[in-house]
Each structure stands twice: as C-alpha cells, then as structure tokens.
Amino acid sequence: MRPLFLKEWIKLRGRLAAIVLGCATFHVYFAMVLRRKFTLEHAEMVFYQVGRIGQNTIADFEYVPLVIGALLAFMQFAPEVARGHLRLSLHLPIATNRLILFHVAAGTAVLAVLFALNAAALAVIVGAWFPVEFVTSALSAAAPWMVAGIAAYFGGVAAMLEPHAIRRVAWLVVTAAVGALCHLSARPGAYHDAISGLVVLALLFVPAVPWVARRFRGGDGTIPGVGRPVAIVLFVTVCALMAPIATSTLFDAQREETQIFFSPVSRTFVFREHLHDHEFRHATREGQELDRRTFQTLLPFIYNRDMEVWGLLPVTIGGRAFDRRALTAERMIFELKPRDLADRRVDIAVHPLLESEPGQARLQFPEDIFRFSADRIEFLNVDTLAVDEETTRIFTDALKELGFAFPPRLVEGRATILKPFDDGYLVVDANGVVFHVKRAQGRPRIVRTPIPADLAIRSIQIVENAQRRFMGLLLTRDGRLFLIGREDYRLLPMPTQGYDPDTMDYRLIMNPVAPTAAWSNSAGARAAALTPDLTPFDFYARAAPERRRGWGELVVRAFIPFEIRLEARGGDRLEWLFAAGPGSAWALSLCLAAIIAAADRRRTSRREYFLEIGLTMAAGVFGLIAARLTGPARPNRRV
C-alpha cells in the first residue's frame, strides 16, 4: 500500500497546493469583505441584518465546497483514466475493490482535511466579529454545501470510471441533482431537519464507486455485491426527488389563495378566488357575482385609498361617517403565518433590547445585545463582544426576584426600529411562566404576567400597533389561538375551527364595525365574522377552485408512482415529504417494462427480465429506469 500512497501523493501534491492557495485567497477576501461591512455600517445594524433579517454572512462560500469536491475527483482520476494508467494498475495482484477503495479513501481523507480547514477558517473569521451563536449558525449554513462537495467528489469519480457514455451522463445528472438539493436555501439552519437525509444520499455514492470500477475493468451490471443495489436505490430516490420539481416547473402555475372577508357595508361574506392565469372571481357568499370595483367598495377599511380616488369617501357605516384617515386609523391587522412560528423559524438566539422610552421620535438599536444562558441573561457589547457585567447583573437580579426559572423556553419580540413604539419581549421561562421584559431609561422593567403557565405555548407573535390595544397573538401546542391584551395580558380566544398552524395563514382584520378572522391555505379558506367585542357570530368556509389540468400533465403524472419532496412548507426549515401517486402508475409502468423487454429480448436475459419486472412493481417507472441504467450494457445470452 505504501507505493500506492506515494503515487497518490506525488500526483496530487502540486494540485492540492493550488487548491489550498485558492481557499486561502478566498478566506482573505471573505475577511476583508466582513471587515468592510463593519466599517461601512454600525455594528448594531450588522447584527440586526444577520441575526434578525437572516442575512447569510458566508453566502460567498456557497459553491466553494462543490468546486473543491469536483476538482479533487477530476484531478485524482481524470489523468488515470485518460492515459490508461488506471486500467493498467487493475492488472496488479490486488483486488479491484481494494485498489479503488484505496484511491477513494485517499481522496476522501484529503477532502475531509480541506473541508475541516475551511470550516476552521470560517469559524475564526466569523468569531472575530460575532459571538459563538453566529459562528454555529454560519457552520450550520455551510454543512449542506459540504455535503454537496462530498456528492460532487464521489459522483464525479463514478462518472469518470463509468465506461459507457449514456450511463456516465446519468451519473453526472444524479450528482447534479443531489448537489442542487443541497443548495435549495442559503438561510442558516434551514437544513437542520433535513441534513441527515442529504448525508445518506451522498454516502450512497460510496459503495457504488467500486462497482462502477469493476465495470470499468470489463465487467457488467451483473457483478455480485452491494454496489448495484445501492446504485438502484440512489437512482430511484433521485428520480422521486426530481419528478415533483420537473412537473411543477412544466405544469404548475402560481396561484393565489382564496381570500374571505366579512363586509361591514353589506353585512355578508365576500370572497376573491384565483381561477387561472390572470382571471379572478369576486362574489358574495350567496353567489352574487361582483366586479372588482364593487368588491373593493364593500371593504372600505381595506381599500380606502382606491375609494378616495373614486370619490366615494366619506362612507357611512352603521350610522357613523368615515373618511380615509378614520378608516386607516381604525384598522388593525394581526397575522400569523407558518413561517412566523417559533419552531419553524431559524433564529439566532441573540437579541437587541431596545430602549422603550428613548426620549426622541425614533427608536434606535442599542449598543448591546442579550442572550440567555443556563443561569442568567447576558448583555454583550456589539463592538467588543465583551459581556457587560453590570447590565447583566441588574437584569438577572430583576428576573430572579420575580421567580424567573432559567433557561427560558421561548423568547419572542420584534427586533426592529421600524415600528411606532417598542414593547420589549415576552419570555416563557423553564416552568412555562410568561414574563414581559422591557428596558426603560436603561433600567429593567419586568412584569410577571398572569398568563397561565400550563398553556403549553408554541409561539407568540408580537404586534406593536399604534392603537396599543393588544400585544399580539399567542398559539398553544394544541392549536388554540389567543389575542393578548396589552394592559392586563388578558387572553381572548380566537375562532380556529379547521385551522392548521403548520400550513395555514391566519389573519385578524380589526375594525370598529365588523372584525373578521380568516385562515387559508392552497386547499381553501375559512372565516369568522366577529362583533366589536370579538365574539364570533357567523362562519363561512370555501374550498379553492379546482385547477385545470392539460392532457400533457395528466399523462406525465399517470406514470409517477410516488414523489419525495424537500421543501419548507411555509417556514424556514426544510423537511422531507412523501406523497404516493395514482395506482395506475404501477400498471402503466409494468406495461412499459414488458414492451421494452419484448423489443429488447435479444439483449435481455431471463434474470434481468424478471429483475426489471420486480423493480417496476416495487418502484414503478423509477425502478425500470434504475434497472436499465445499472444492468448489463452488452448482450447477454438467454439462460
């Protein structure tokens, strides 16, 4: 093995030096860009952009691991294949699997070292400007990109060792597909729940490489071992992942959700639904068709600007006249979307605590940020990252005096200065007790609220509205939704019949005449009409109109047995979803397999024929594709 090691070292040392130099150049550039960012903007604004808006500090690093993996595979195997060195070495008295695995192991070790050095460099550079929570976030963002680099290496090796052109293209397509899945989102933490699945996909390339190498030596797809079964699983999985992307790209059009409102003018529900393309339907619950202008005039608290242009203001509702200014001032909207839920967001657990009594017209970001540890609340200076021990002690003592149990379960607030006032944070402690934490004139202003500790709070949405009547919305784990009173923290239950927080947008439109609560998703919408004291008195539900499907889409979807999706479903976190296709997919695929086998009977052995039928029965057309791409490439005599 030592001669092989020396051979690999001599072959790669100069090229590795070039890669290391390129990585070093990138990290110098990255450090300069980050330093310039802090030079051009105040540190507190940079923390806001990265920590609250979700700006990715290492976005420039996104394709670096992919390039490293692809380059390493090319530099290690392209010369061997092109010059015939690898084919000659396969005649040495050493098992093919062992020889190829040594080459791959050497490349994997080099790849691991390169990725470790890049991760260390990122951690050092980000850690020089941000606290450790931001470093962890940056590395979590880089993790799927490094998985893409691993797939690029192993997939590139398999493609170069594959002796048949069509299958070489297939390996490149599969590699590109896995790499694309690793770049669906650049938001830090987006792959928290999906990274393990991507790692498994990338590792499926590993046992397939020696199998492809044995084909390179002159074998065929019938070589025993785990290589072909693993390759079949990989091909089927990638087909199932790419099918929904292809069909949605070809056939799906952007569709808006159905919207339902209760009109304070006509005292009935009205709705707006998207039929297709640019065609919308506006109507009342009773079925009366409305043109767009009439529809908008029935909702003056929403469309008052258009009504003013049309000369329809002031408008009298319930014996009271409203001009545009009154309509705007009396309207208040609360929204809760799946991406707003605490367990579906990707947040960095470091927050700015604004001054609630700034003594000036505008709010401004403080020069410190806070985070919770196991036994205290810590304040860090944004310029030096040093802990402000005095402020930390004052706030920690204030919390402990009120019985706060560290660490908290939930910290919710609106960390922005684009609001009329600051109302601080609602913090749920380890025992479920809710505390209202604010900073007023530099001192802690903390209230232990009467909100029940046994509510099992899932998320809180703070809304700092100029009317200052309510703090926001509170969602429990059993799906109950409450409006939080601002002065007394009283919880007002909201209607939630049929409401699914993980897939539906909830909107509460407040006005002094007829508030409306509505929740909707792509399947349809529901709404509740409320009295001014927020008591429901009428409900309406409407399914979304069925989308028209063309013959092309119907034919294509009839052959798809199942789909695997990697998507966020409205939140920041990507997750794996499985959906079964129509039952006809297996029958149609079996017919197709039988036709292909009959047309190719001279090239298909009885064993391969039954294998194709079995895979088609198990995975539909995806199994047929995998069997064909991994089977014998040369004619076999029938047995």
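Below is a summary of the structure that appears in this document. The structure presented is a predicted model; accordingly, all values stated were derived computationally and were not measured.

### A closer look at the sheet that holds strand β2 (residues 269–276)
Next, step 1: Spatial strand order, β1-β2-β3-β4: four strands in an open sheet with antiparallel pairing. Unpaired on one side and paired on the other, β1 (259–262) and β4 (289–290) mark the two borders of the sheet.
Next, step 2: With two bridges connecting them, strand β3 (residues 279–284) and β4 associate as antiparallel partners. Note that in β4 the partner of Ala283 across the bridge is Glu289.

### Remarks on the packing of aromatic side chains
Next, step 1: Going through the model one piece at a time under the given rule, you end up with 33 aromatic pairs.
Next, step 2: Seen in terms of ring centroids, Phe61 and Trp145 are 6.5 Å apart; in terms of plane orientation they differ by 50°. Their pairing is tilted. Of this pair, Phe61 sits in the loop between α2 (43–53) and α3 (64–82) while Trp145 sits in helix α6 (residues 132–161); the two residues are 84 residues apart in sequence, bridging distant segments of the chain. One exposure class covers both Phe61 and Trp145, and it is buried.
Next, step 3: Through a chain of ring-to-ring contacts, the aromatic side chains of Phe370, Phe372, Phe379, Phe395, Phe404, Phe406, Tyr425 and Phe435 assemble into a single cluster.
Next, step 4: Directly above the ring of Phe280 sits Arg272, whose terminal nitrogen or CZ lies 4.1 Å from the centroid.
Next, step 5: The ring centre of Phe421 lies 3.9 Å from the NZ or CZ of Arg468, which sits over that ring.

### Let's talk about the sheet that holds strand β14 (residues 457–462)
Next, step 1: Read across the sheet, four strands follow the order β14-β15-β16-β17 without closing on themselves; strand pairing throughout is antiparallel. Each edge of the open sheet is held by one strand with a lone partner, namely β14 and β17 (491–493). Between one strand axis and the next, the sheet turns by 30° as a mean value, whatever way the strands run.
Next, step 2: Relative to strand β16 (residues 481–485), strand β15 (residues 470–476) runs antiparallel, the two sharing five bridges.

### Quick word on the layout of surface pockets
Next, step 1: When its volume is computed, the largest pocket comes out at roughly 1100 Å³.
Next, step 2: Contributing to the lining of the largest pocket are 29 residues, with Arg255, Glu257, Asn521, Ser522 and Glu567 lying nearest its centre.
Next, step 3: With three residues, the single largest contributor to the lining of the largest pocket is strand β22 (residues 562–567).
Next, step 4: Counted by class, the lining of the largest pocket contains five nonpolar, eight polar and 16 charged residues.

### Quick word on the side chain of Gln76
Next, step 1: With respect to the element layout, Gln76 can be found in helix α3.
Next, step 2: Here Gln76 falls in the buried class, since its relative accessible area comes to 0%.
Next, step 3: A distance of 2.6 Å separates a polar atom in the side chain of Gln76 from a polar atom in the side chain of Tyr153.
Next, step 4: Every residue in contact with Gln76, bar those within four places of it in the chain, is listed here: Glu8, Lys11, Leu12, His103, Ala106, Gly107 and Tyr153.

Here is what the cut-offs are and how they apply
Residues numbered from 1 in each chain as written. Predicted model: local features only at pLDDT ≥ 70, side-chain atom pairs only at ≥ 80, totals over all residues. Heavy atoms only, no water. Pairing = 2+ DSSP bridges. Helix = DSSP H or I, 4+ residues; strand = E, 2+ residues; numbered from the N terminus. Phe/Tyr/Trp six-rings, centres within 6.5 Å; stacked < 30°, edge-to-face > 60°. Buried < 20%, exposed > 50% of the residue type's maximum accessible area, 1.4 Å probe, protein only. Lys NZ or Arg CZ within 6 Å of the ring centre and 35° of its normal. Axes fitted to C-alpha atoms, helices over the stretch in contact; angles between N-to-C directions. 1 Å grid on protein atoms, 1.4 Å probe; cavity = no way out; pocket = protein on both sides within 12 Å on 5 of 7 lines; lining within 4 Å. Points joined across faces, edges and corners; volume = space filled by probe spheres on them. Nonpolar A, V, L, I, M, F, W, Y, C, P; charged D, E, K, R; others polar. Polar contact = N/O pair within 3.5 Å; in protein donor to acceptor, adjacent residues only side chain to side chain. Contact = heavy atoms within 4.5 Å.

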